[in-house]
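Spelled out from the first residue to the last, the chains are:
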Amino acid sequence: MQVDVSVIIINYNTKDLVTNCIRSVYASKSKYLFEIILVDNASSDGSVEEIRSSFPDVRIIDNKENVGFGRANNQAAAVALGRYLYILNSDTEIEKNVIETVVMYGDTHAKAGVIGTRSMFPDGKLQKTFFKTPTFMSEFVFFAVKIIKSGEWFLFSLNQYKHYSLNEPFEVDVISGCSMFVKREVYDKIGLFNERFFMYYEDAEFCCRVNKTELKCIYLPTVFIKHFHLGSAKEDRAKYKLLISSFDSACIYFTCVKNRWYAYIFRVSNLIVWGIELLLLQICAVIVRKDKLAKKISMLKTLLYEVKFHLKVHI
């Protein structure tokens, strides 16, 4: 029997979240046949045992090391049987009509190669999961300005669409990999994710390749998922590691879509600005209460040390 959708979920120490995610998929109301493939990246929280016990029909790829998001998805895609690959984050829950609605739309719109869904935070706020192509300026503002000004890492970028409809599908440059349907013909033609990326920006680079074909990336706002963002990174140290991984991936992205020198200039520009910002904050800390600035200073020190001395940026 033809499998219509292969739901691919990557897990890393999110046992409770991924269990709820799988449960929401099984609760879907759909005439289409789907399978669930879970790739576990060497979790230590008993995720694999729990899933095997609770969901015996889930196909599990049990990695002995954390191979990253892109490579893990590629492992699942290589054995998937579906006409669609549904890349779904482990920290999400889907509404009951997601699979039904997206497949019906994809089957009647031949040019829709990649389809993204609406994503909502638990408090009901919209999460932007569709973007314009990342540029030097959009990512520089994110890494060198916005996260330092706020002291927090949240999804901000200048490459967002300002005018869009939440009632009708529309074409976009990039669909987020947190909830992404990929047609089999796309995978057969250009593959899935570039394994140079450990985590982040692999969806942007993938969509860039899709947009060079005759197929399109479509945002479908009429169905939605609930996204518990950063479910596997609740502590500052873990968030900093993800931030550093994100910056590493941004450099790799510019290497792939531009060239090595473009990525090198991007990397050095951020290092220079971070150094200046750190110096200014340390001067301010002498004048005002240091604890107000401690988090930002810690973030900058971490970024400068890790990016300068430890990251093996492929440029």
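Further up the page is the structure itself.
Here's what I pulled together on the structure shown here. (Residues numbered from 1 in each chain as written. Predicted model: local features only at pLDDT ≥ 70, side-chain atom pairs only at ≥ 80, totals over all residues. Heavy atoms only, no water.)

### A closer look at the overall build of the protein
So, point 1. Counting secondary structure elements, the protein contains 10 helices and 12 strands.
So, point 2. A total of 315 residues make up the protein; the buried ones form 52% of that total.
So, point 3. Looking at the protein alone, contacts between residues at least 24 apart form 78% of all its contacts between residues at least 6 apart.
So, point 4. When the accessible surface of the protein is summed, it comes to about 14,900 Å², and 55% of that surface belongs to carbon and sulfur atoms. (Helix = DSSP H or I, 4+ residues; strand = E, 2+ residues; numbered from the N terminus. Buried < 20%, exposed > 50% of the residue type's maximum accessible area, 1.4 Å probe, protein only. Contact = heavy atoms within 4.5 Å. Areas by Shrake-Rupley, 256 points an atom, 1.4 Å probe, with all protein chains shown as cover.)

### Re the pattern of salt bridges
So, point 1. According to the stated counting rule, one finds six salt bridges in the structure shown.
So, point 2. In this structure, the salt-bridge partner of Asp-62 is Lys-64, at a minimum N-O distance of 3.5 Å.
So, point 3. Overall, the relative accessible area of 28% leaves Asp-62 in the partly exposed class.
So, point 4. Residues participating in the shared-partner salt-bridge network are Asp-4, Arg-83 and Asp-107. (Salt bridge = Lys/Arg side-chain N within 4 Å of Asp/Glu carboxyl O.)

### Quick notes on a nonpolar patch on the surface
So, point 1. A cluster of nonpolar side chains, contributed by Ile-272, Ile-276, Leu-279, Leu-280, Ile-283, Val-286, Ile-287 and Val-288, occupies part of the molecular surface with about 820 Å² of accessible area.
So, point 2. Position of Ile-276 among the secondary structure elements: in helix α9 (residues 260-287).
So, point 3. Overall, the relative accessible area of 49% leaves Ile-276 in the partly exposed class. (Patch = residues over 30% accessible without salt bridge, like charges linked within 9 Å, V, L, I, M, F, W, Y side chains within 5 Å.)

### Some remarks on the packing of aromatic side chains
So, point 1. Per the counting criterion, the structure on display carries 24 aromatic pairs.
So, point 2. Here Tyr-164 and Phe-170 contribute two aromatic rings whose centre-to-centre distance is 6.3 Å and whose plane-to-plane angle is 25 degrees, an arrangement assigned as stacked.
So, point 3. Residue classification places Tyr-164 among the partly exposed positions, given a relative accessible area of 30%.
So, point 4. When the ring of Phe-254 is compared with that of Tyr-262, the centres are 5.3 Å apart and the planes differ by 50 degrees; the resulting orientation is tilted.
So, point 5. You can call Tyr-262 partly exposed: its relative accessible area is 25%.
So, point 6. Through a chain of ring-to-ring contacts, the aromatic side chains of Phe-136, Phe-140, Phe-142, Phe-143, Tyr-201, Phe-247, Tyr-253, Phe-254, Tyr-262, Phe-266 and Trp-274 assemble into a single cluster.
So, point 7. One residue, Lys-132, lies across the ring of Tyr-161, its end atom 5.6 Å from the ring centre.
So, point 8. A cation over an aromatic ring shows up here: Lys-258 above the ring of Tyr-262, its NZ or CZ 5.5 Å from the ring centre. (Phe/Tyr/Trp six-rings, centres within 6.5 Å; stacked < 30°, edge-to-face > 60°. Lys NZ or Arg CZ within 6 Å of the ring centre and 35° of its normal.)

### Here's the deal with α9
So, point 1. Its 28 residues give α9 an end-to-end C-alpha distance of 42 Å, which sits within 8% of 40 Å, the value for a rise of 1.5 Å per residue.
So, point 2. Where α9 is concerned, the buried positions are Ala-263, Phe-266, Arg-267, Ser-269, Asn-270, Leu-271, Trp-274, Glu-277, Leu-278, Leu-281 and Ala-285.
So, point 3. The N-terminus of α9 is capped by Asn-259, whose side-chain oxygen sits 3.1 Å from the backbone nitrogen of Trp-261. (Expected span 1.5 Å × (residues − 1). Polar contact = N/O pair within 3.5 Å; in protein donor to acceptor, adjacent residues only side chain to side chain.)

### Some words on unusual backbone geometry
So, point 1. The phi dihedral of Ala-42 is positive, around 60 degrees, even though this residue is not glycine.
So, point 2. Looking at the element boundaries, Ala-42 is found in the loop between β2 (34-41) and α2 (47-54).
So, point 3. At Tyr-201, a residue that is not glycine, the phi angle is positive and equals roughly 70 degrees.
So, point 4. Residue placement: Tyr-201 occurs in the loop between α6 (184-190) and α7 (202-210).
So, point 5. Classification of Tyr-201 as buried rests on a relative accessible area of 10%.

### Considering helix α1 (residues 15-26)
Helical geometry note: an α-helix holds 3.6 residues per turn, so side chains three or four residues apart project in the same direction.
So, point 1. Over its 12 residues, α1 extends 17 Å from the first C-alpha to the last, a length consistent with the 16 Å expected when each residue adds 1.5 Å.
So, point 2. Taken together, the buried positions of α1 are Val-18, Thr-19, Cys-21, Ile-22, Ser-24 and Val-25.
So, point 3. On the buried face of α1, the contacting elements are β1 (5-11), β2, α2, β4 (84-89), β5 (92-94) and α4 (98-108).

### Some words on the pairing of β2
So, point 1. The buried fraction of β2 amounts to eight of the eight residues, a majority that puts the element mostly inside the structure.
So, point 2. Across the two faces of β2 the burial is the same, with Phe-34, Ile-36, Leu-38 and Asp-40 and Glu-35, Ile-37, Val-39 and Asn-41 all buried.
So, point 3. Judged from the seven bridges that link them, β1 and β2 form a sheet pairing that is parallel. Within β2, the residue paired with Val-5 across the bridge is Phe-34.
So, point 4. Running through α1, the crossover from β1 to the neighbouring parallel element β2 is right-handed. (Pairing = 2+ DSSP bridges. Right-handed = clockwise from strand over helix to strand, strands pointing away.)

### What to know about the nonpolar core
So, point 1. In terms of nonpolar packing, the biggest core is built from 62 residues, with Phe-143, Ile-175, Met-180, Phe-206 and Trp-274 touching the most fellow members.
So, point 2. Sort the elements by how many residues they give to this core and helix α8 (residues 236-257) lands first, with nine residues.
So, point 3. Ranked by size, the runner-up nonpolar core spans 31 residues in total, among them Val-18, Tyr-32, Val-102 and Phe-181. (Core = buried A, V, L, I, M, F, W, Y, C linked by side-chain atoms within 4.5 Å.)

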